[in-house]
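Per-entry structural report
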Amino acid sequence: QVQLVESGGGLVETGGSLRLSCAASGRTFSNYAMGWFRQAPGKEREYVAVISQSGGIRYYADFVKGRFTISRDNAKNMAYLQMNSLKPEDAAVYYCGAGGIYGNVLQNKCDYWGQGTQVTVSS
């Protein structure tokens, strides 16, 4: 079992930045690919960014390329999402997820999920 706890959400103005954190506990963190996902009201959850177990492979959804950066620190059991140049359409609940298979995480199929953190972007 892996427990995931997100933090760092909040209210930011358009063009601002936030850094989300995901703290993991339980099984060996470095065994899991990590992803960030988001869900806006009335919409399905969509993936934002995924990072491989070692951190060597990162993949981003087109709508965040060049603005968001995913990273991880396996020594600290942490994953991060640096979000810059935020837009009102980025507002959503952001979730981190962990999966043993990188390809599954890319397809929104994580083994474990956090409870989410709200990101609100004012226009």
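Description of the structure in this document. Because the structure is predicted, anything quoted here is derived from the model rather than measured. (Residues numbered from 1 in each chain as written. Predicted model: local features only at pLDDT ≥ 70, side-chain atom pairs only at ≥ 80, totals over all residues. Heavy atoms only, no water.)

Moving on, we get to the sheet that holds strand E3 (residues 18–26). Spatially, E1-E3-E8-E7 is the arrangement adopted by the 4 strands of the open sheet, whose pairing is antiparallel. One side of each edge strand has no neighbouring strand; the edge strands of this open sheet are strand E1 (2–7) and strand E7 (68–73). The average undirected angle you get between the axes of adjacent strands in this sheet is 15 degrees. (Pairing = 2+ DSSP bridges. Helix = DSSP H or I, 4+ residues; strand = E, 2+ residues; numbered from the N terminus. Axes fitted to C-alpha atoms, helices over the stretch in contact; angles between N-to-C directions.)

We now examine unusual backbone geometry. The residue Asn77 is not glycine, and still its phi comes out positive at about 55 degrees. By the element assignment, Asn77 lies in the loop between E7 and strand E8 (78–83). By relative accessible area, Asn77 is classed as partly exposed at 28%. For Asn108, which is not glycine, the phi torsion reads 70 degrees and is therefore positive. Mapping Asn108 onto the fold places it in the loop between helix H1 (102–106) and strand E10 (112–113). According to the relative accessible area criterion, Asn108 is partly exposed, its value standing at 22%. (Buried < 20%, exposed > 50% of the residue type's maximum accessible area, 1.4 Å probe, protein only.)

Burial within strand E9 (residues 92–99) is extensive, with 7 of its 8 residues counted as buried. Where E9 lies against strand E11 (residues 117–122), 3 bridges are found, and the strand directions are antiparallel. Looking at E11, one finds that Tyr94 is bridged to Thr117. Bridging between E9 and E10 involves 2 bridges; their strand directions are antiparallel. When the bridges of E10 are listed, Ala98 appears paired with Tyr112.

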